[in-house]
Amino acid sequence: MATPSLIKPPALQRGDTVAVISLSWGGASVLPGRFEQGKRQLAETFGFTVIETPNATRDPAWLRDNPHARAQDLHWALENPDVAGIITVIGGNESIRTVPFLDLDLIAAHPKVFTGFSDTTVQHLVHRKAGVGSFYGMSVLVNAAEAGGIHPYTISEFRRAAMSADRIGELAPATEWTEEYLDWNDTANLSRPRRWVPNYGWLWIQTAEEPVEGPIIGGCMEVLAMAVGTDIWPEAEAFDNAVLHLEISEEKPPIGQVTNWLRNYAALGILERISALLFSRPLEYSLRDTLALYEQIKAELLLAGRADLPFVANLDYGHSSPMGLLPLGRRARVDCGRRSIAVTESAVS
């Protein structure tokens, strides 16, 4: 039986009110200067009115101890008729503890553009279970607060995915990238742009003769590992012909750990069901380690009997700068012959 299509939220527009929310770590209170810069640049770039959910600026300890309040913040933003979209402040490792307090019916009744990445993978799984599409990408502290302004690639990807009801069409790699680290605690770095280098693009590591198509599903592997076996883990059929997007965090899990997660997916029958694998550029890996990681992933696909599976790596989604916006639940077409990845529908209504 085909998995039902997820609800498309209404497109965001200039003048809309967007709520920023802390569903995990309380970074807004720890980095107030960067937080304010992110809010200001969201308003200046997209024409949004940016507000905070009631507990968005609470300190990390309070938010850690109050998962119910974090869930209630999401409910507040969804039920608030003035709020058109929701953007997470940052990730962390606490989102999984909000799950028992979240109301799936309320999420379904109030579909709104929702964006975030990393630990926000949990909320994306919750949205999926509620039947609502969401967006893997933009957060306030990581993307919106970029020194020198939000990167043009991030702006373009956000506008065409979350602010236009047109078919998204072909995706493309960013022309440049960086992993230069600047201490967020040093306020002098708020105005110091990072150094960008040319992007050598996507790597088509394993290809197939015919194009494949399916809904996009996935997230951060460390966070997905927390969700396996829980009520929010997708049903097996959700992976049928799906385009699986995976990435790893700045904690740089070793290649052996990534291998173990992939073997878990194989044991769950996921690798045999999907139509393509997309993997985003890993942060803090050397070029040598990055290529070794990709070769190990390819080896695991072969062990799983998926020499036929398109495997495209080095994408610009997740813990990569600049970051695109990936519409989860929407159909994507991977055409190895044309070296093309396209989202074949709109992500908003």
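Shown above is the structure to which this text applies.
Worth saying up front: this structure is predicted, and the values here are computed from it rather than measured.

## Details of the pattern of salt bridges
Taken as a whole and assessed by the stated rule, the structure comprises 21 salt bridges. One salt bridge in this structure joins Arg97 and Glu94, with 2.6 Å as the shortest N-O distance. The partly exposed category is assigned to Arg97, whose relative accessible area is 37%. Owing to a relative accessible area of 15%, Glu94 belongs among the buried residues under this scheme. Residues participating in the shared-partner salt-bridge network are Lys8, Arg330 and Glu345.

## Section: the pairing of strand β3 (residues 83-88)
With five of six residues buried, β3 is to be regarded as a mostly interior element. Judged from the five bridges that link them, strand β1 (residues 17-21) and β3 form a sheet pairing that is parallel. Pairing of Ile21 across the sheet is with Thr88, part of β3. Relative to strand β4 (residues 113-116), β3 runs parallel, the two sharing three bridges. Paired with Gly85 across the bridge in β4 is Val113.

## Some details on unusual backbone geometry
Trans peptide bonds make up most of the peptide bonds, and negative phi angles are found at most residues other than glycine. Look at the link from Ser321 to Pro322: it is a cis peptide, with omega at 0 degrees. Note on placement: Pro322 falls in the loop between β13 (311-315) and β14 (326-328). Even without being glycine, Asn241 reaches a positive phi, approximately 60 degrees. When you line up the elements, Asn241 lands in the loop between α9 (221-227) and β11 (243-247). What makes Asn241 partly exposed here is its relative accessible area of 49%.

## Concerning helix α2 (residues 32-46)
Look at α2: 21 Å from first C-alpha to last across 15 residues, which is about the 21 Å you get at 1.5 Å a residue. Among the residues making up α2, those that are buried are Arg34, Phe35, Gln37, Gly38, Lys39, Gln41, Leu42, Thr45 and Phe46. Elements that come into contact with the buried residues of α2 comprise β1, α1 (27-30), β2 (49-52), β3, α7 (140-144) and α8 (152-162). Of the residues trailing α2, Gly47 is marked for its positive phi of about 75 degrees.

## A short note on empty space enclosed by the protein
Counted according to the given criterion, the structure contains two cavities of 30 Å³ or more. Of the pockets and cavities examined, the largest cavity occupies roughly 70 Å³. Surrounding the largest cavity, Leu125, Ile217, Gly218, Leu224, Trp233, Phe239, Leu244, Leu246, Tyr265 and Ile270 form its lining. The set of elements that each furnish at least two residues to the lining of the largest cavity consists of β10 (212-220) and β11. Its residues assigned to classes, the lining of the largest cavity comprises nine nonpolar, one polar and no charged. Size it by volume and the second largest cavity reaches roughly 50 Å³. As for the second largest cavity, its lining consists of Val142, Asn143, Glu146, His151, Thr154, Trp196, Ser321, Pro322 and Met323. Its residues placed into classes, the lining of the second largest cavity shows four nonpolar, four polar and one charged.

## Let's talk about the sheet that holds strand β6 (residues 169-170)
The strand order β6-β16-β15-β10-β11-β12-β13-β9 describes an open sheet built from eight strands, whose pairing is mixed. One side of each edge strand has no neighbouring strand; the edge strands of this open sheet are β6 and β9 (203-206). Across four bridges, β10 lies against strand β15 (residues 331-335) in antiparallel orientation. Bridging across to β15, Glu213 finds its partner in Arg333.

## Observations regarding a nonpolar patch on the surface
Taken together, Tyr200, Leu287 and Leu291 make up a surface patch of nonpolar side chains, about 300 Å² in accessible area. Along the polypeptide, Leu291 turns up in helix α12 (residues 287-303).

Scoring rules and cut-offs
Residues numbered from 1 in each chain as written. Predicted model: local features only at pLDDT ≥ 70, side-chain atom pairs only at ≥ 80, totals over all residues. Heavy atoms only, no water. Salt bridge = Lys/Arg side-chain N within 4 Å of Asp/Glu carboxyl O. Buried < 20%, exposed > 50% of the residue type's maximum accessible area, 1.4 Å probe, protein only. Helix = DSSP H or I, 4+ residues; strand = E, 2+ residues; numbered from the N terminus. Pairing = 2+ DSSP bridges. Expected span 1.5 Å × (residues − 1). Contact = heavy atoms within 4.5 Å. 1 Å grid on protein atoms, 1.4 Å probe; cavity = no way out; pocket = protein on both sides within 12 Å on 5 of 7 lines; lining within 4 Å. Points joined across faces, edges and corners; volume = space filled by probe spheres on them. Nonpolar A, V, L, I, M, F, W, Y, C, P; charged D, E, K, R; others polar. Patch = residues over 30% accessible without salt bridge, like charges linked within 9 Å, V, L, I, M, F, W, Y side chains within 5 Å. Areas by Shrake-Rupley, 256 points an atom, 1.4 Å probe, with all protein chains shown as cover.

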